[in-house]
Amino acid sequence: MSDIVLGVGASHSTLMNTHWDQVVHTDRAEAFRAALGTARRRVAEARPDTVVIVGSNHFRGFWLDLIPAFTVGVGEVVAAGEAGTPKGPQRTDPAFAQALAADLVEAGTEVAISARLQIDHGQSHAIQYLLDGLDVPVVPLVVNVFARPLPTLARCVRLGENLAAAVGRIAGDRRVVVIASGGLSHRLPWPSDWTDPQGDDEAFLVDAWINGRGEWERYDRRRREIIVAARPTISPEFDRAFLDDLEHGRLRRYASMTTAEVESAAGNGGQELRTWLVMAAALGFTPGTPLVYAPMPEWLTGMGVAVLDPASAATPGDHR
């Protein structure tokens, strides 16, 4: 029987790749990068046969013509390669992914499947920094966190629980690592309601989200300009409380939050915390170890890294 041997949660930001030379809070940036390195070593030490990456998609692989709540990449996986992230086909595990998707559906979590899935930095940032140099196949699990209506946080918790059960039922003796990519608090300069864009920039973004399939690069330069010009909105108190709850195995309490409550507390980008809940639920909400918390206005995001190891008791992390 296969087993989940480690969970990792890590924030992502392409500004880390493209704007490192403009960082003001250098100590925070370096601490975050070092924590990614520590998490990568933990992944390597876990000797995974397969890595499930639970992440978002920023309208480069999914568009408003069709966005499922949850999608499993069961065949070819191609990374978009935007802003210095990995590009092109990734190593995959189709047999395992297909068995995982089938079991999830049987358990009542109706995931969509994609035999040719395009991922962006919502998943490839984790490949770049947490799997660098590791020859391990990935199974992407994409959660819709941007195109409302979003799946409830309670449903994300159930997905994580069913994921763990599915892994346990899959034949073989695979060691599986689950990575959550996204969060923590941040606000993207995106329309609150894609059906009612305000101003030219929001109208442009909605047009890109509707018509970008197959040609997202045509929109990417202006998209990038809008992102870079955004004012940072980070909620350190929320982020620290979230990491404290992770450390003490209390993340299940977030399942009762609504989409509106998450946005109010952590910004629209904070909806990515759904990926952390999926991962934590898959690890049975075992107490974890936060490795770093770095509020990075230069990257628009409260950046965190944490590890959940079911084989050992959590040790306090210096994340405050």
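Conventions and cut-offs
- Residues numbered from 1 in each chain as written.
- Predicted model: local features only at pLDDT ≥ 70, side-chain atom pairs only at ≥ 80, totals over all residues.
- Heavy atoms only, no water.
- Helix = DSSP H or I, 4+ residues; strand = E, 2+ residues; numbered from the N terminus.
- Contact = heavy atoms within 4.5 Å.
- Expected span 1.5 Å × (residues − 1).
- Core = buried A, V, L, I, M, F, W, Y, C linked by side-chain atoms within 4.5 Å.
- Buried < 20%, exposed > 50% of the residue type's maximum accessible area, 1.4 Å probe, protein only.
- Phe/Tyr/Trp six-rings, centres within 6.5 Å; stacked < 30°, edge-to-face > 60°.
- Lys NZ or Arg CZ within 6 Å of the ring centre and 35° of its normal.
- 1 Å grid on protein atoms, 1.4 Å probe; cavity = no way out; pocket = protein on both sides within 12 Å on 5 of 7 lines; lining within 4 Å.
- Points joined across faces, edges and corners; volume = space filled by probe spheres on them.
- Nonpolar A, V, L, I, M, F, W, Y, C, P; charged D, E, K, R; others polar.

Student: When you look at unusual backbone geometry in this model, what are you seeing that I'm missing?
Tutor: The general pattern is negative phi for most residues beyond glycine and trans for most peptide bonds. With omega at 5°, the peptide bond leading from Arg148 into Pro149 counts as cis. On the secondary structure map, Pro149 appears in the loop between strand 6 (138-143) and helix 5 (153-169). Geometrically, the link from Gly183 to Leu184 is a cis peptide bond, its omega value of 0° lying close to zero. Its place among the elements puts Leu184 in the loop between strand 7 (175-181) and helix 6 (199-211). Its identity as a non-glycine residue notwithstanding, Arg47 has a phi of 50°, on the positive side. Its place among the elements puts Arg47 in the loop between helix 2 (26-46) and strand 2 (50-55).

Student: Where do I start with the environment of Arg169 in this structure?
Tutor: Relative to the assigned elements, Arg169 resides in helix 5. For the pair Arg169 and Ala99, spaced 70 residues apart in sequence, the C-alpha to C-alpha distance is 9.4 Å. With residues up to four places along the chain from it excluded, the contact list for Arg169 reads Asp103 and Ala107.

Student: Before we go on, may I ask you to explain helix 7 (residues 217-228) in this structure?
Tutor: Every α-helix winds through 3.6 residues per turn, so residues three or four apart in the chain are directed the same way. The end-to-end C-alpha distance of helix 7 is 17 Å, a good match for the 16 Å that 12 residues give at a rise of 1.5 Å each. Buried residues in helix 7 make contact with helix 6.

Student: Which parts of the structure should I look at to understand the nonpolar core?
Tutor: One recurring pattern in soluble globular proteins: nonpolar side chains tend to sit buried together. Judged by nonpolar contacts, the single largest core of 103 residues is most densely connected at Val52 and Leu100. Per-element accounting of this core gives the leading share, 8 residues, to helix 10 (residues 273-282). The contacts of Val52, once residues within four sequence positions are left out, are Phe96, Leu100, Val139, Leu141, Leu163, Val176, Val177, Val178 and Ile179.

Student: It is not clear to me how the packing of aromatic side chains should be interpreted in this structure. Could you clarify?
Tutor: Geometry of an aromatic ring pair is reported as the spacing of the ring centres plus the angle between the planes. Under the definition given, this model contains 11 aromatic pairs. Aromatic side chains Phe32 and Trp299 sit 6.2 Å apart centroid to centroid with 65° between the ring planes, which places their arrangement in the edge-to-face category. Here Phe32 is found in helix 2, whereas its partner Trp299 is found in the loop between strand 8 (289-296) and strand 9 (301-308), with 267 residues between them in sequence. The class of Trp299 is buried, set by a relative accessible area of 1%. Ring-pair connections join several aromatic residues into one group, and the members of that group are Phe59, Phe146, Trp190 and Trp209. The side chain of Arg222 reaches across the aromatic face of Phe204, ending 4.5 Å from its centre.

Student: Could you clarify how one ought to interpret empty space enclosed by the protein in this entry?
Tutor: Unoccupied space between atoms shows up once a probe the size of one water molecule is rolled over them. Scanning the model with the defined rule gives 4 cavities of 30 Å³ or more in all. Counted as a void, the largest cavity has a volume near 250 Å³. Around the largest cavity, the lining is made up of 17 residues, and of these Thr14, His58, His121, Leu188 and Ile227 lie nearest the centre. Sort the elements by how many residues they give to the lining of the largest cavity and helix 7 lands first, with 3 residues. Taken together, the residues that form the lining of the largest cavity break down as 6 nonpolar, 7 polar and 4 charged. Reported here for the second largest cavity is a volume of approximately 150 Å³. Taken together, 13 residues form the lining of the second largest cavity, with Phe146, Arg148, Pro191, Ser192 and Asn268 sitting closest to its centre.

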